[in-house]
Amino acid sequence: MSDQHLVIVGAGHAAGQLIASLAQDKYSGTVTAVGDEPYLPYQRPPLSKKFLAGELALDRLYLKPAAFYEKFGTRLLLGRRVERIDRPAHRVVLDDGSSLDYSTLVLATGSRARTLSLPGAELPGIASLRSIADVEAIRARFSAGKSLVVVGGGYIGLELAAVAVKLGLAVTVLEAAPRLMMRGVGPVVSTFYERLHREEGVAVHTGVAVKGFEGEGRVERVVCEGLLAAADLVVVGVGALPNIELARTAGLATTNGIDVDARCRTEDPAIYAIGDCTNQHHPMLDRRLRLESVHNALEQGRMAAAAICGLPAPPDQVPWFWSDQYDVKLQTAGLSDRHDQAIIRGRPDEGRSFAVFYLSDGVLVACDAMNRAAEFMMSKVLVGARARVDAAKLADERVAVKDCRL
Ligand SMILES: Cc1cc2nc3c(=O)[nH]c(=O)nc-3n(C[C@H](O)[C@H](O)[C@H](O)COP(=O)(O)OP(=O)(O)OC[C@H]3O[C@@H](n4cnc5c(N)ncnc54)[C@H](O)[C@@H]3O)c2cc1C
């Protein structure tokens, strides 16, 4: 074993993958991960899905069992926070005043739920959904007959709404934008999800700005223009902010995320950053961006491990996402925000299975697939190949997506 000491700040999804990849890539130094949550590195997607529904046990959230970290010799300092990076000394200072010297430092600090600065926002009964602790707080009021108001109609808020209404809560979703999941999917998909949630019994209101919260001792009402929604519980799901303060205070460049290069290195050769907290140039999309997804956390974990171990970079990948709501699995390949043409396959206005393909200058750039795994898989390949496609064929159910290439 060498005298190299790698310190990871944060013990979430990206950190968990980094440790697994370092083990695979035969990293010869010692590894310490400091995480401020008291849990082994865990996956967050089930927090708004099966774990919230009570269908998945806590230990199923863990990426690896404790024995894995012991075997690889990784020291996990859990329930502890890194407060400061001393770059000249190659040292991090923890919340209990102790410090760790590093030869390589990896920032895997993730993101945190954005909160609202509105009157009454501090009332008990108003929660976010980011961590196991948040789910435990929500569960205290998460039972049949209670009324839940979800502020924000993004993926997490809508997944939560789906679980809640199935458990018998009266659910209202309030979204300020004109349509649901506006940041992630095209308009046709938003309209479909509005229908889906209404069919399942959720009261969905779009274009509604929340003005504040009221209640005696705890939240009882959400106040909007022209609307007052009764609430035993409010969950605010209005996006996430990257945890970049540690990096910024240490003088590292940040622009909506910690700036990293193609191998996840910051401008300091001894410091890397991975996961939700980073901003990186994506070679396939040809722009810098910050992605909040499991796929990105996994890829950047692998990328950083390879760079640290002096191995070639893993191949570029098409970003992809998913969301589970009721019996509908949404899978998205690529990013649709810059498309100039949308092609629909199937019927978005009836049933629960269709796909939308997004083109830019005739090239397939993204696909939203609802219960259409084959369309998703084939689109991912074509997006990665920057393939020009035949729009008429894409709309035709009888033609396989791979045969739509020009
Ligand atoms: C409810 C929910 C559902 C989701 N569903 C999906 C989904 O269906 N599909 C998908 O692709 N993505 C989903 N995501 C997003 C996905 O979970 C994230 O992109 C992923 O967790 C990012 O991994 P990360 O390691 O960058 O951050 P995290 O997993 O958030 O880990 C970062 C960790 O670092 C800790 N930390 C921060 N600062 C410090 C410090 N100074 N000292 C010590 N520790 C620190 C944080 O507390 C946290 O534990 C979901 C997220 C949530 C919250």
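Sequence positions are assigned chain by chain, starting from 1 and proceeding in written order. Two thresholds apply to this predicted model, a pLDDT of at least 70 for residue-level local features and 80 or more for giving and counting side-chain atom pairs, whereas whole-chain, interface and lining totals are computed over all residues. Calculation of side-chain values draws on the structure's entire complement of heavy atoms; hydrogens and water are dropped beforehand.

Novice: I keep staring at the sheet that holds strand β5 (residues 91–94) and nothing clicks. Help me out?
Specialist: The pairing of strands in a sheet comes from backbone hydrogen bonds and takes either a parallel or an antiparallel form. Ordered in space as β4-β5-β6, the 3 strands form an open sheet in which the pairing is antiparallel. Looking at the sheet topology across the chains shown, the edges are occupied by β4 (82–86) and β6 (99–101). Put simply, the sheet's adjacent strands are angled 20° from each other on average, direction ignored. At least two DSSP bridges between two strands are required for those strands to pair. Only DSSP runs of H or I with at least four residues qualify as helices, and only runs of E with at least two residues qualify as strands; both kinds are numbered from the N terminus onward. In this sheet, β5 lies alongside β4 in antiparallel orientation, the contact comprising 4 bridges. Axis lines are fitted to C-alpha atoms, over the contacting stretch for helices. Their N-to-C directions set the angle, which ranges from 0 to 180 degrees.

Novice: What should I look at first to understand the domain arrangement of the protein chain in this one?
Specialist: It is common to report an interface's size as the accessible area lost on association of the parts. Partitioning the protein chain into structural domains gives domain 1 (5–112 + 241–308), domain 2 (115–236) and domain 3 (327–404). Segmentation into domains, and thus their bounds, comes from an automatic or database assignment. One C-alpha centre belongs to domain 1, the other to domain 2, and the line joining them spans 30 Å. Counting residues at the interface gives 17 residues for domain 1, matched by 14 residues for domain 2. The buried area of a pairing is the accessible area, by a 1.4 Å probe, that goes missing from both parts when the two are put together, added over both. Together domain 1 and domain 2 conceal approximately 1300 Å² of surface at their shared face, both sides included; 61% is due to carbon and sulfur atoms. Here, two residues are considered to be in contact whenever any of their heavy atoms come within 4.5 Å of each other.

Novice: Got a minute to help me understand the site of the ligand in this structure?
Specialist: The rule for a residue being near a molecule or strand is that one of its heavy atoms must lie within 4 Å of it. Surveying the vicinity of the ligand reveals 33 residues, the closest of which are Asp36, Glu37, Lys49, Arg130 and Asp276. Pairing of N or O atoms within 3.5 Å defines a polar contact, subject to two protein rules: one partner must be a possible hydrogen donor and the other a possible acceptor, and residues neighboring in sequence count only if both atoms are side-chain atoms. In the environment of the ligand, an oxygen atom lies 2.5 Å from a nitrogen or oxygen atom belonging to the side chain of Asp36. Here the ligand, which alone exposes 1000 Å², has 94% of that area covered by the protein. Among the secondary structure elements, those contributing two or more residues to the shell around the ligand are α1 (13–24), β2 (30–35) and α7 (294–308). Residues are sorted three ways: Asp, Glu, Lys and Arg are charged, Ala, Val, Leu, Ile, Met, Phe, Trp, Tyr, Cys and Pro are nonpolar, and all the rest, Gly among them, are polar. Broken down by class, the residue content of the shell around the ligand amounts to 14 nonpolar, 10 polar and 9 charged. Counting residues domain by domain, the shell around the ligand receives three or more from each of domain 1 (5–112 + 241–308) and domain 2 (115–236). The method behind every accessible area is Shrake-Rupley, applied with a 1.4 Å probe, and residues are considered shielded solely by the protein chains displayed.

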